[in-house]
Amino acid sequence: MLGVLYNMKLTRSNKNFVPDANKAFKPTAMQLSLSKSIKQIPWRNDYRIDNGPLDNEHFALFGLINRFNINVLRFTSAAQIMPFMASLKEYTEEHFELEEELQRKSGYAFYDDHKMKHALLINELNILTKKAKNAKKDNVTDIALEIGLWLQDWLETHFLEDDLSMKPYINRMQDPSRK
Ligand SMILES: [Fe+2]
Ligand SMILES: [Fe+2]
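Residues numbered from 1 in each chain as written. Chains lettered and ligands numbered in written order. Predicted model: local features only at pLDDT ≥ 70, side-chain atom pairs only at ≥ 80, totals over all residues.

Right, let's talk about the overall build of the chain for a bit. For the chain, the helix and strand inventory stands at eight helices and zero strands. In the chain, which comprises 179 residues, the share counted as buried stands at 25%. Contacts in the chain between residues at least 24 apart in sequence constitute 84% of all its contacts with a sequence separation of at least 6. (Helix = DSSP H or I, 4+ residues; strand = E, 2+ residues; numbered from the N terminus. Buried ≥ 20, exposed ≤ 12 C-beta atoms within 10 Å, placed from the backbone. Contact = placed C-beta atoms within 7 Å.)

Structure follows, in structure tokens:
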């Protein structure tokens, strides 16, 4: 449900979200090298956890992050980054709530630790949103790169390590032979 919602929202805000190429812009060697360390992370079927709403939300998150990161060197103003940050904030508010509810229902053993990691992600998102809001022409690329690297780490660390650790608990909860 949220995945569909997100795709719709992004389609509507596409004009702002995917900036036009700025042909006059020449990234520094450092910016270029940082941008090259930001990879597209494709969704895979074995990333599915509940075969339902949680997977749809994760799928949407991958889309959101990959779309930001493929454009990371094209942002030229705060106004271009902010629609993305707003989508991400809305996403996290709903997504973390659903994920934590499933963790409680399934008896997930690392609930407290995971909840704390969600709080840290929200905190970092707020810090980066503030930075993005105040971005000026001369630092917008560095801020976009900082956000891009953080987003990549979200997928590689939080999703691939922490979220996927829920899978056996959700599978057990969904196994009809255990009811
Ligand atoms: Fe999580
Ligand atoms: Fe998640």
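Now, onward.
Let's shift gears to the nonpolar core. Ranked by internal contacts, the top residues of the largest apolar core, which has 24 residues, are Leu 64, Ile 65, Phe 68, Val 72, Ile 81, Ala 144 and Leu 151. Of all elements in the fold, only α4 (53–70), α5 (78–106) and α7 (140–162) reach the threshold of two or more residues within this core. A total of seven residues in this core trace back to one element, the largest contributor, which is α7. Setting aside anything within four residues of it in sequence, one finds Leu 151 in contact with Ile 65, Phe 68 and Asn 69. Residues Ile 49, Leu 54, Tyr 108 and Met 166 belong to the second largest nonpolar core, which totals five residues. (Core = buried A, V, L, I, M, F, W, Y, C linked by C-beta atoms within 7 Å.)

Here we come to unusual backbone geometry. Even without being glycine, Asn 51 reaches a positive phi, approximately 50°. Along the polypeptide, Asn 51 turns up in the loop between α3 (29–36) and α4. For Asn 51, a count of 11 C-beta atoms within 10 Å translates into the label exposed.

With that out of the way, let us pick up α4. The first and last C-alpha atoms of α4 sit 26 Å apart over 18 residues, in line with the 26 Å expected at 1.5 Å per residue. For α4, the full list of buried residues reads Leu 54, Glu 57, His 58, Ala 60, Leu 61, Leu 64, Ile 65, Phe 68 and Asn 69. Taken around the axis of α4, the buried residues stretch over an arc of 160°, which confines them to a single face. (Expected span 1.5 Å × (residues − 1). Arc of directions from axis to C-beta.)

Our focus in this paragraph is α7. In this model, α7 (23 residues) spans 31 Å end to end at C-alpha, consistent with the 33 Å of a helix rising 1.5 Å per residue. In α7, a bend of some 30° at Trp 154 exceeds every other bend along the element. Within α7, burial applies to Val 140, Thr 141, Ala 144, Leu 145, Ile 147, Gly 148, Leu 151, Gln 152, Trp 154 and Leu 155. Where α7 is buried, its residues touch α3, α4, α5 and α6 (111–133). (Bend = angle between axes of the 7 residues up to and from the residue.)

Relative to each other, α3 and α7 sit at 25°, their axes nearing to 10 Å. Relative to α7, α3 is oriented roughly parallel. In this structure, the crossing between α3 and α7 has a hand that is left-handed. Each of Gln 31, Leu 34 and Ser 35 in α3 lies in contact with α7, whose residues at this interface are Thr 141, Leu 145 and Leu 149. Partitioning the contact of α3 with α7 into residue classes produces three nonpolar, three polar and no charged. (Axes fitted to C-alpha atoms, helices over the stretch in contact; angles between N-to-C directions. Parallel < 35°, antiparallel > 145°, perpendicular 65-115°, else oblique. Left-handed = near helix turned anticlockwise from the far one by under 90°. Nonpolar A, V, L, I, M, F, W, Y, C, P; charged D, E, K, R; others polar.)

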